[in-house]
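A closer look at the structure
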Amino acid sequence: MKRTECVVPAAEVEIQKDFIRKIKEINQGRLLKYSLSTFGCQMNENDSERLAGMLSDMGYMETEKNSDSDLIIFNTCCVRENAEEKVYGHLGALKKLKRENPNLIIAVCGCMMQQPEVVEYIKKTYRHVELVFGTHNLYKFPELLYNAVNSKETIIDVWESSGSIVENLPIERKDGVKAWVTIMYGCNNFCSYCIVPYVRGRERSRSVSDIVHEVMTLGQQGYKEITLLGQNVNSYGKDLSDGTSFAGLLHELDKVEGIERIRFMTSHPKDLSDDLIYAMRDCKKVCEHLHLPIQAGSTRILNEMNRKYTKEHYLDLMKKIKEIIPEIALTTDIIVGFPGETEEDFLETLDVMQTVRYDSAYTFLYSKRTGTPAAKMESQVSEETKKERFQRLLEVQNRISKANNEELLGQVVEILVDGTSKNNPEMFTGRTRTNKIVNFKGNDELVGKLIQVRINKIQTWSLEGEVI
Ligand code: SF4
């Protein structure tokens, strides 16, 4: 694990650092442990790295076992219903542990807590939960934990919104080679199926200098790859009104020593500018991979989704990107069974898939999110139809993914080595610049290095190669 800190001082953060010191004093001489479960997207993972950084400074050690823990935290996600159900399941299962260990503190935070009905439900149903906080006041975690430790009451502190960005928080990253760097928070788009703008607030961009400083520190610490995170990174800088743009940020980060690869996610087709495409072409460290969610192929459904682009605009964009960056790998997100989706609409999605020939597609069954316009729409698609369409999409995409991979057979590619493969501990694994997984026979010394590998075996979701 590696640690890093942003530099911008903030009076509020100093107050929290005082609470960190107070908790550390209380904890002195005791070996306190925490377990932290993260649900949802990479932005939540990055938030959890900040919680871990603060906890480490307070003298807590991480454990994977709830039964060993003095503090159990769930950093939640509300984008899909099953992630919410999982959290409730975990909370229910902890009742017994709390009875056996009354000093145990159970905390929940993250996007789910930004919904008042969820907080009410937790208050009523899971009385053993002692700390609840949201996405906007994560930086106040030391103070809230201090209060939870010293009070018999449940501490609930959820802010409706926040216009601020807090720098200078400790962070403990899970990986020593690749790092997530959040460049902006919130979203202004209000896609009709999505809960994010309601729980993460409006777009707020970090300053270029803060981001560059964080990335320079990462480069000095030996990190090789960064992934810039935001709900819609293409609109980075629009709220700063000083001419800052995402393309400009990429040019700045391209100069940072030590960093070899730059990735970003997620992009919105309506905001993908020509400047950005040319920046991707011209910045040597920006990888040849673009994740551009289409969500649906039918312009009628895109309109219902409030996506603000048409099928034709999206396809033109893809054509342009392929012309300017021929080696680009393209991936996407697709929602199957949005309310009112007919067979004809669905065929348009299949058509986009076959026209673009994505390297991979993350396909989701539409799931109703309370509080979004789509949840109230009539003509919801039956589960059976959604599943049947999902299966058809998967079959087409699998064929395309494999065919795209076949073009790499015999080629030599550069990979950044991650470590041993999760599925086969005898193999090592890494990723190409185009984000494809390559497994190979290697050794520990290669971890964190850029190496050349010849591809000699193809699968749908991964490649195999030999080091040359
Ligand atoms: S762009 Fe749309 S789907 Fe993405 S976070 Fe914003 S509202 Fe949600």
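Residues numbered from 1 in each chain as written. Predicted model: local features only at pLDDT ≥ 70, side-chain atom pairs only at ≥ 80, totals over all residues. Heavy atoms only, no water.

The next point concerns the packing of helix α10 (residues 274-282) against helix α12 (residues 311-324). Look at α10 against α12: their axes get within 10 Å of each other, and the N-to-C directions meet at 30 degrees. As judged from the angle between their axes, α10 and α12 are roughly parallel. By crossing handedness, the relation of α10 to α12 is classed as right-handed. Where α10 approaches α12, its residues D274, I277, Y278 and R281 are matched on the opposing element by K320, I321 and I324. Taken together, the residues of the contact of α10 with α12 break down into 4 nonpolar, no polar and 3 charged. (Axes fitted to C-alpha atoms, helices over the stretch in contact; angles between N-to-C directions. Helix = DSSP H or I, 4+ residues; strand = E, 2+ residues; numbered from the N terminus. Parallel < 35°, antiparallel > 145°, perpendicular 65-115°, else oblique. Left-handed = near helix turned anticlockwise from the far one by under 90°. Contact = heavy atoms within 4.5 Å. Nonpolar A, V, L, I, M, F, W, Y, C, P; charged D, E, K, R; others polar.)

The subject of this paragraph is the packing of aromatic side chains. Within the structure shown, the criterion is met by 12 aromatic pairs. Ring plane angle 80 degrees and centroid distance 5.0 Å describe the contact between Y88 and Y121, whose orientation is recorded as edge-to-face. On the criterion of sequence distance, the pair formed by Y88 in helix α3 (residues 81-93) and Y121 in helix α5 (residues 116-125) is long-range, its members being 33 residues apart. Assessed through its relative accessible area of 38%, Y121 is described here as partly exposed. An angle of 70 degrees between the planes, with centres 5.5 Å apart, marks the rings of F338 and Y366 as edge-to-face. Linking F338 in the loop between β15 (329-336) and α13 (343-356) with Y366 in the loop between β16 (360-365) and α14 (383-406), this pair joins segments that are 28 residues apart in sequence. Neither residue differs from the other here; F338 and Y366 are each classed as buried. Grouping aromatic residues by their ring pairs yields a cluster made of Y88, Y121 and Y126. (Phe/Tyr/Trp six-rings, centres within 6.5 Å; stacked < 30°, edge-to-face > 60°. Buried < 20%, exposed > 50% of the residue type's maximum accessible area, 1.4 Å probe, protein only.)

Inspection of the region around the ligand gives C187, N189, F190, C191, Y193, C194, V196, P197, Q231, H268 and R307 as its neighbouring residues. Residue classes in the shell around the ligand are distributed as 7 nonpolar, 3 polar and 1 charged. (Near = heavy atom within 4 Å.)

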